[in-house]
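# Working through the structure, step by step
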Amino acid sequence: MENFFDNRRLFNSIWNWKFHIVIASTLAVIGGVIFSSSKFIEPKFKSTAKVYPVNLAEYSEESESEQMLEFIRTNDIKFRMIEAFNLYDVYNINPEDPLHTTYILDIFNKNVSFKKTEFETIEIEVLDKDPVRAATMVDSAIVFYNDKVRNIHSAKYWESYHTLNNSIIKQEQEIQGLQVKMQKLRDENGLLEFESQVAAASEGLMEAAARGGNPTYAKSMLNNLKEKGGELKDLESVYLLKEKVLQNMYSQREQAYMHATKDITYSIVAEAPFPSDKKSYPVRWLIVFFSLVITFFVSVITVVVLDYIRDTKAAQ
């Protein structure tokens, strides 16, 4: 066995079988060229885009690009693309097959990829036999991502809007109740404006005492102000406070409505996709190269083993 690895014997074997090795290697090259052609392997074209995420809210400690990656990789976007481009037919998957979801996602993930670059952009890459469809799929992925984030944000703000609207209705009802109470106090006790009426009643009482007049009306007014005026003043304070809160709630509801209905994008396209005029798969020179290398080494090992077996039998 030690002689098997003798360098001189290895080189002798290669030299003796050189024509066979050359012929085998040549056939491997020819075979690689033939079997890597479009007749055997369907060519695919690549389209890419690089996108910056914008206008994203902070949900966690993730960066905006990491958030975008989470959104754009979701299955609902994948299935939306599958439906939009009829990929069951493109990938020859039977939708009636019990495992059709597993099959379609497996092929989709091999042909469509999303990854973060070192410059915090998200790179979208699509491989397809149709270069135009590949570019359109990249564009659609960006559109579907924007739609998804917009819907999520809109739902959140609509929730805030409806919550605020319910609170506003309750606040308006409470204010109306206060208005009814205040008006009743005014009507039943002749109360109009607390400070000015106190001043007028006090002045009337003093004037009656000074001139010997009848102080009954002034005293009655002061008693009403004393008994009911304080209550009215407290109600007015609560009323003013609730009005201020209500106005603030109106402003918040308006802001929520504005955010819920605004139509903005959540990405900036740094590099737009386009239909490629050169196939990306298969890489023919790699196939030919590995075919040559593998065939050469297999041929060398084969001839060395054959020579070793022959020499061993001859020695016996």
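A brief structural summary. (Residues numbered from 1 in each chain as written. Predicted model: local features only at pLDDT ≥ 70, side-chain atom pairs only at ≥ 80, totals over all residues. Heavy atoms only, no water.)

Here we come to the sheet that holds strand β4 (residues 267-271). The antiparallel open sheet is built from four strands, whose spatial order is β2-β3-β1-β4. Each edge of the open sheet carries a strand with a single partner, namely β2 (112-116) and β4. Each strand axis lies, on average, 30° off the axis of its neighbour in the sheet, ignoring direction. The sheet strands contacting helix α3 (residues 64-72) are β1 (45-53), β2, β3 (122-128) and β4, and the helix crosses β2 at an angle near 165°. Contacts from helix α6 (residues 100-111) reach β2 and β3, with the element oriented near 55° to β2. (Pairing = 2+ DSSP bridges. Helix = DSSP H or I, 4+ residues; strand = E, 2+ residues; numbered from the N terminus. Axes fitted to C-alpha atoms, helices over the stretch in contact; angles between N-to-C directions. Contact = heavy atoms within 4.5 Å.)

We now examine unusual backbone geometry. Among all residues except glycine, the phi angle is most often negative; among peptide bonds, the trans geometry is most common. A positive phi angle, close to 50°, is found at N86, a residue other than glycine. Within the secondary structure, N86 is located in the loop between α4 (75-84) and α5 (87-90). The class of N86 is partly exposed, set by a relative accessible area of 43%. Within the chain, E120 stands out as a residue other than glycine whose phi angle is a positive 65°. The topology assignment puts E120 in the loop between β2 and β3. When its relative accessible area of 36% is taken as the criterion, E120 is described as partly exposed. (Buried < 20%, exposed > 50% of the residue type's maximum accessible area, 1.4 Å probe, protein only.)

Under the defined criterion, the tally for this structure stands at three aromatic pairs. Relative to Y161, the ring of W158 has its centre 5.3 Å away and its plane inclined at 90°; by these criteria the two rings are edge-to-face. Taken as a pair, W158 and Y161 lie in helix α7 (residues 131-189) at a separation of three residues, close to a single helical turn. Here W158 and Y257 contribute two aromatic rings whose centre-to-centre distance is 5.7 Å and whose plane-to-plane angle is 80°, an arrangement assigned as edge-to-face. One end of the pair, W158, is in helix α7; the other, Y257, is in helix α9 (residues 216-261), and 99 residues separate them in sequence. Take Y257: its relative accessible area is 43%, and that puts it in the partly exposed class. Through a chain of ring-to-ring contacts, the aromatic side chains of W158, Y161 and Y257 assemble into a single cluster. The aromatic ring of Y157 is capped on one face by K156, whose charged end is 4.7 Å from the ring centroid. (Phe/Tyr/Trp six-rings, centres within 6.5 Å; stacked < 30°, edge-to-face > 60°. Lys NZ or Arg CZ within 6 Å of the ring centre and 35° of its normal.)

These figures come from the coordinates and say nothing about function on their own.
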